[in-house]
Amino acid sequence: MYDSEFDTEWDDLDKADALERAFALGVARSLGEPNREEYERVREAGETTYERSLIELSYEEGRRKASGRATEEPSAVWEDLVVEADAASGTRDGRRGSSEGPPGMFSRPEPTAVPEDGLDRIRLPAFLRRR
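Note that the structure is a prediction, hence the values are computed from the model and not measured.

**Student:** How should I be thinking about the overall build of the protein chain in this particular structure?
**Tutor:** Of the regular secondary structure elements, the protein chain holds five helices and zero strands. What you see in the protein chain, going N to C, is helices and strands ordered as α-α-α-α-α. Expressed as a percentage of its 131 residues, the buried residues of the protein chain come to 35%. Excluding contacts between residues fewer than 6 apart, the proportion of contacts in the protein chain whose partners are at least 24 apart in sequence is 64%. Accessible surface computed for the protein chain: about 8600 Å², of which carbon and sulfur atoms make up 48%.

Next comes the structure, spelled out in structure tokens:
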């Protein structure tokens, strides 16, 4: 399954691609097609310990989502979690539009609103100012 969807002849992966591949490898593992060597290569593609831990979490998430569907046909589970999730997003960059597929763990939270003058960060809070 994994080999039909992903190319295994890669030299370097970006963060999002590593997450997606780890998720797919986790799904494949739950479906009875483990590929430990490829998983280790993907995990080592993470540049920092933090990135490697996120890759591990993505792998475990793939295993969890697939193992919860043990009564279904393996090819249908693979199509739903990996292939259709990829088609639904329209891209293979790790940002998903649905709840299925690998999580977008590398996405940044939206910044909070900053007042127009931008000085709120350096002013004392209202409860500390004298009146």
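**Student:** Teacher, can you tell me more about the environment of arginine 41 here?
**Tutor:** If you trace the backbone, arginine 41 turns up in helix α3 (residues 36–44). Separated by 19 residues in the primary sequence, arginine 41 and alanine 22 have C-alpha atoms spaced 9.9 Å apart. Not counting the four nearest positions on each side in its chain, arginine 41 is found in contact with Thr8 and Trp10.

**Student:** Explain the packing of aromatic side chains here, please?
**Tutor:** When we look at a pair of aromatic rings, we describe it by the centre distance and by the angle of the planes. Considering all chains together, one arrives at two aromatic pairs under this definition. Consider the rings of tyrosine 2 and phenylalanine 6, whose centres lie 4.9 Å apart with planes at 20°: the pair is stacked. Judged by relative accessible area, which is 4%, phenylalanine 6 ranks as buried. The ring centre of tryptophan 10 lies 4.1 Å from the NZ or CZ of arginine 41, which sits over that ring.

**Student:** Whenever I open this one, the pattern of salt bridges confuses me. Can you help?
**Tutor:** One side chain can pair with another of opposite charge once the charged atoms of both are near each other. For the coordinates displayed, the defined rule picks out 11 salt bridges. Arginine 21 is the partner of aspartate 17 in a salt bridge, and the nearest nitrogen-oxygen pair spans 3.3 Å. With aspartate 17 and arginine 21 both in helix α2 (residues 15–30) and four residues apart, this pair spans about one turn of that helix. Here aspartate 17 and arginine 21 have matching classes, each one buried. The network of salt bridges with common partners includes Arg36, Glu40, Arg43, Glu44 and Glu56.

**Student:** Please explain the nonpolar core as it appears in this structure.
**Tutor:** Grouped burial of nonpolar side chains is what soluble globular proteins tend to show. Of all hydrophobic cores here, the largest spans 25 residues; its most connected members are Tyr2, Val27, Val42, Trp78, Leu81 and Val82. Broken down by element, the residue count for this core peaks at eight residues, all from α2. Once residues within four sequence positions are removed from consideration, valine 42 is found in contact with Tyr2, Trp10, Leu13, Ala18, Arg21, Ala22, Leu25 and Ile55.

**Student:** Quick question: what am I supposed to make of α3 here?
**Tutor:** Side chains of residues three or four places apart in an α-helix project in the same direction, reflecting 3.6 residues per turn. Of all the positions in α3, only Glu38, Tyr39, Val42 and Arg43 are classed as buried. Take α3 and look down its axis: the buried residues cluster within an arc of 135°, on one side only.

**Student:** Sorry, what's going on with the packing of α2 against helix α4 (residues 49–67) here?
**Tutor:** How two helices pack is summed up by the angle between their axes together with the distance between the axes. Axis separation between α2 and α4 bottoms out at 7 Å; the angle between their running directions is 35°. Regarding α2 and α4, the two cross each other, and that crossing is right-handed. Taking contact as the criterion, the partners of Lys15, Ala18, Leu19, Ala22, Phe23, Leu25, Gly26, Val27, Arg29 and Ser30 in α2 are, on α4, Glu51, Leu54, Ile55, Ser58, Tyr59, Glu61, Gly62, Arg63, Lys65, Ala66 and Ser67. Residue classes in the contact of α2 with α4 are distributed as 10 nonpolar, five polar and six charged.

Definitions and cut-offs
Residues numbered from 1 in each chain as written. Predicted model: local features only at pLDDT ≥ 70, side-chain atom pairs only at ≥ 80, totals over all residues. Heavy atoms only, no water. Helix = DSSP H or I, 4+ residues; strand = E, 2+ residues; numbered from the N terminus. Buried < 20%, exposed > 50% of the residue type's maximum accessible area, 1.4 Å probe, protein only. Contact = heavy atoms within 4.5 Å. Areas by Shrake-Rupley, 256 points an atom, 1.4 Å probe, with all protein chains shown as cover. Phe/Tyr/Trp six-rings, centres within 6.5 Å; stacked < 30°, edge-to-face > 60°. Lys NZ or Arg CZ within 6 Å of the ring centre and 35° of its normal. Salt bridge = Lys/Arg side-chain N within 4 Å of Asp/Glu carboxyl O. Core = buried A, V, L, I, M, F, W, Y, C linked by side-chain atoms within 4.5 Å. Arc of directions from axis to C-beta. Axes fitted to C-alpha atoms, helices over the stretch in contact; angles between N-to-C directions. Left-handed = near helix turned anticlockwise from the far one by under 90°. Nonpolar A, V, L, I, M, F, W, Y, C, P; charged D, E, K, R; others polar.

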